[in-house]
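What follows is the residue order along each chain.
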Amino acid sequence: MELLEHLALGFSTAASWANVFYCLLGVLLGTAIGVLPGLGPVATIAMLLPVTFGLPPVTALIMLAGIFYGAQYGGSTTAILVNLPGESSSVVTALDGYQMARKGRAGVALATAAIASFFAGTVCTLLIALAAPPLSEIALSFGPADYFSLMVLGLVASIVLASGSLLHAIGMIVLGLLLGLIGTDVNSGTARFSFERPELLDGVSFVVVAMGVFGLGEIIANLEDESPRSLAATKVTGLMPSREDFRRMVAPILRGTTLGSFLGILPGGGAMLSSFAAYSLEKKVSRYSAEFGQGAIEGVAGPESANNAGAQASFIPMLTLGIPSNPVMALMIGALIMHGIQPGPGVMAEQPALFWGLVVSMWIGNLFLLVLNLPMIGIWVKMISVPYHLLFPAILVFCAIGVFSLANAQFDIYLMALFGILGYVFRKLGCEPAPMMLGFILGPMMEEYLRRALLMKKGSAMVFVTRPISATLLAISVIALVIVLLPALRTKREEAFQK
């Protein structure tokens, strides 16, 4: 009964004209940036954060969330029609989706992706509504030591699940933690890493870092390698799957939704890991495994349901614990902080309209995507033909205006340019920037909880191993790190990411 009351509150919040408009705007923007290879939800959300200053917190989060899960829809469109994934999570969709398009079944492939994504999104919305209240109740019993250990586990998990070199992932985490220390120490009033620059006394804005590393870094990399794009189908017809198609897609959608819902909660997991895992699973269990790579509908249904489930399940740790499981969730936490809301289990109790309004808006957004996406295929097809070198100057100007509007400071623009160069260098060196962003967001919070825990126990570090919850979380962190550092398992891990 209490859940129904919460959902009623969520509907009354999400169904207001302003929130419905920004939800629609978010999913359309998300689909558009998913369609355009080279852009992504991280860069787009980072660029739009300054715009959200003038919006109510719930409206801002509804729009930003719509961009995130809308991008999962849009990424499949280019994967199927052009064999060029607009989103990293749509890489495996291209394997069979593009082959279906070449055989004249582009409409069926796109409809399969839309149906799978809508079903997964609906299930995950219900999962968030059911799982969030008990998780928040448990989290409210956490002390400072428990929160510190939970954040340590989040950072370790992001190292374990990061693609590429483990040494690179650890280095990026450390760099993010160091960036989070820039500014004035709250307790002592001492300037740290400010290099006697007054502009750095308040620290570095995460918007500047995100727009530089993810926005400008991606722009530079994509301008360097502007891939040619040829459509497998210039006109999409026959959107309705046959009865046989429906029969073959049901089980993969159910399996993909289940797998994505679980993997999306893990730090470093989310949509990409879910879609790859779902494709591997379908290839092993499907009766039609011989057709994979040649246009099997299971190769579209499984990964597409998994990536949308993974994207929306990643909201669970962010909303209940205040822990980001991926860079987008880190930006969402930053958006909450910008609006004066402390992320964590208290959000549900202190801001029930915001929490439940966001949850219900996810279902409304998925409904928008199902109803609007397929009729708008023609528009998305035309967008694919837009050359990068015409699109990106406008994005660059938008980034500069957005950063300048934060504090009316030219220094922020220079800083964004510096992080843009760093983002490009990271890409060239094979360093994934996501762990750095997680370290940057979690670093100041970890420091605060560390100090609180030590003050409560008069400086004794034993508090982290004497509290059962904290000791368990630290033990899991150590075990995960030791396992992944073992040579044999490290080799298998690298082989798995290559596959």
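Okay, so let's go over this structure. All values reported here derive from a predicted model rather than from experimental measurement.

In this section: the overall build of the chain. A count of helices and strands for the chain gives 23 helices and two strands. Here the chain holds 499 residues, and the buried ones make up 54% of them. Counting contacts in the chain only where the partners sit at least 6 residues apart, residues at least 24 apart contribute 79% of the total. Here the chain displays about 20900 Å² of accessible surface, and carbon together with sulfur accounts for 68% of that area.

Quick look at the packing of aromatic side chains now. A complete count under the given rule lists five aromatic pairs for this structure. When the centroid spacing of 5.2 Å and the interplanar angle of 80 degrees are considered together, the rings of phenylalanine 21 and tyrosine 22 count as edge-to-face. A relative accessible area of 48% means that phenylalanine 21 is categorised as partly exposed. What makes tyrosine 22 partly exposed here is its relative accessible area of 23%. With centroids separated by 6.1 Å and ring planes inclined at 50 degrees, the aromatic side chains of phenylalanine 68 and phenylalanine 315 adopt a geometry described as tilted.

Bringing helix α20 (residues 434-456) into the picture now. For α20, spanning 23 residues, the distance from its first C-alpha to its last is 33 Å, which sits close to the expected 33 Å at 1.5 Å a residue. Along α20, the sharpest kink reaches roughly 40 degrees, centred on leucine 442 and followed within four residues by the proline proline 444.

On to the side chain of threonine 59. For threonine 59, the location among the structural elements is in helix α4 (residues 57-82). We classify threonine 59 as buried; its relative accessible area is 4%. Ignoring sequence-local partners within four residues, the contact set of threonine 59 consists of Ala18, Asn19 and Tyr22.

Attention shifts here to the side chain of glutamine 312. Here glutamine 312 lies in helix α12 (residues 298-313). Filtering out sequence-adjacent residues up to four positions away, glutamine 312 remains in contact with Tyr69, Gly121, Cys124, Thr125, Ile128, Met362 and Asn366.

Residues Ile170, Val174, Leu178, Phe193 and Phe195 make up a contiguous nonpolar surface patch of roughly 480 Å² in combined accessible area. For phenylalanine 195, the position within the fold is in the loop between β2 (191-192) and α9 (206-224).

What tends to happen in soluble globular proteins is that the nonpolar side chains get buried as a cluster. Counting residues in each nonpolar core, the largest one holds 105 residues, and the members touching the most others are Phe315, Leu331 and Met332. Not counting chain neighbours up to four residues away, the residues in contact with methionine 332 comprise Leu61, Leu64, Ala65, Phe315 and Met318. Residues Ala32, Ala101, Ile253 and Trp380 belong to the second largest nonpolar core, which totals 20 residues.

With that settled, consider the environment of glycine 26. Mapped onto the elements, glycine 26 comes out in helix α2 (residues 17-35). The sequence separation of glycine 26 and isoleucine 62 amounts to 36 residues, and the corresponding C-alpha distance is 7.6 Å. Those residues in contact with glycine 26 that sit more than four places away from it in its chain are Met63, Gly66 and Ile67.

A separate point is the pattern of salt bridges. Under the criterion given, the structure shown has eight salt bridges. With a closest N to O distance of 2.8 Å, glutamate 298 and arginine 248 form a salt bridge. Highlighted residues: glutamate 298 in helix α12 and arginine 248 in helix α10 (residues 243-263), separated in sequence by 50 residues. The same class applies to glutamate 298 as to arginine 248, namely buried. Ionic pairing is found between arginine 451 and glutamate 447, a salt bridge with its closest N-O pair at 3.5 Å.

Moving on, we come to the packing of α4 against helix α16 (residues 352-373). Closest axis-to-axis distance for the α4/α16 pair is 9 Å, and the angle between their directions is 40 degrees. Considering only the axes of α4 and α16, their crossing is right-handed. Judged by residue contacts, Pro57, Val58, Leu61, Ile62, Ala65, Tyr69, Gly70 and Tyr73 of α4 engage Ala353, Leu354, Gly357, Leu358, Ser361, Met362, Gly365, Asn366, Leu369, Leu370 and Asn373 from α16. Looking at the contact of α4 with α16, its residues break down into 13 nonpolar, six polar and no charged.

With a phi angle near 55 degrees, phenylalanine 193 is a residue other than glycine that sits in the positive phi range. In this structure, phenylalanine 193 sits in the loop between β2 and α9.

So, about the packing of helix α6 (residues 106-139) against α16. Running from amino to carboxyl end, α6 crosses α16 at an angle of 170 degrees, the nearest separation of the two axes being 9 Å. Considering the angle they form, α6 stands roughly antiparallel to α16. Every residue of α16 that contacts α6 at Ala114, Ile115, Ser117, Phe118, Gly121, Thr122, Thr125, Ile128, Ala129, Ala132 and Pro133 is listed here: Phe355, Trp356, Val359, Met362, Trp363, Asn366, Leu367 and Leu370. Partitioning the contact of α6 with α16 into residue classes produces 14 nonpolar, five polar and no charged.

With respect to the helices, strands and loops of the structure, phenylalanine 398 is situated in helix α18 (residues 388-407). Judged by relative accessible area, phenylalanine 398 falls into the partly exposed class, the value being 35%. Taking C-alpha positions, phenylalanine 398 is 9.0 Å from leucine 48, a pair spaced 350 residues apart along the chain. Among residues more than four places away in sequence, those in contact with phenylalanine 398 are Met47, Leu48 and Val51.

Each value, and the rule that gives it
- Residues numbered from 1 in each chain as written.
- Predicted model: local features only at pLDDT ≥ 70, side-chain atom pairs only at ≥ 80, totals over all residues.
- Heavy atoms only, no water.
- Helix = DSSP H or I, 4+ residues; strand = E, 2+ residues; numbered from the N terminus.
- Buried < 20%, exposed > 50% of the residue type's maximum accessible area, 1.4 Å probe, protein only.
- Contact = heavy atoms within 4.5 Å.
- Areas by Shrake-Rupley, 256 points an atom, 1.4 Å probe, with all protein chains shown as cover.
- Phe/Tyr/Trp six-rings, centres within 6.5 Å; stacked < 30°, edge-to-face > 60°.
- Expected span 1.5 Å × (residues − 1).
- Bend = angle between axes of the 7 residues up to and from the residue.
- Patch = residues over 30% accessible without salt bridge, like charges linked within 9 Å, V, L, I, M, F, W, Y side chains within 5 Å.
- Salt bridge = Lys/Arg side-chain N within 4 Å of Asp/Glu carboxyl O.
- Core = buried A, V, L, I, M, F, W, Y, C linked by side-chain atoms within 4.5 Å.
- Axes fitted to C-alpha atoms, helices over the stretch in contact; angles between N-to-C directions.
- Left-handed = near helix turned anticlockwise from the far one by under 90°.
- Nonpolar A, V, L, I, M, F, W, Y, C, P; charged D, E, K, R; others polar.
- Parallel < 35°, antiparallel > 145°, perpendicular 65-115°, else oblique.

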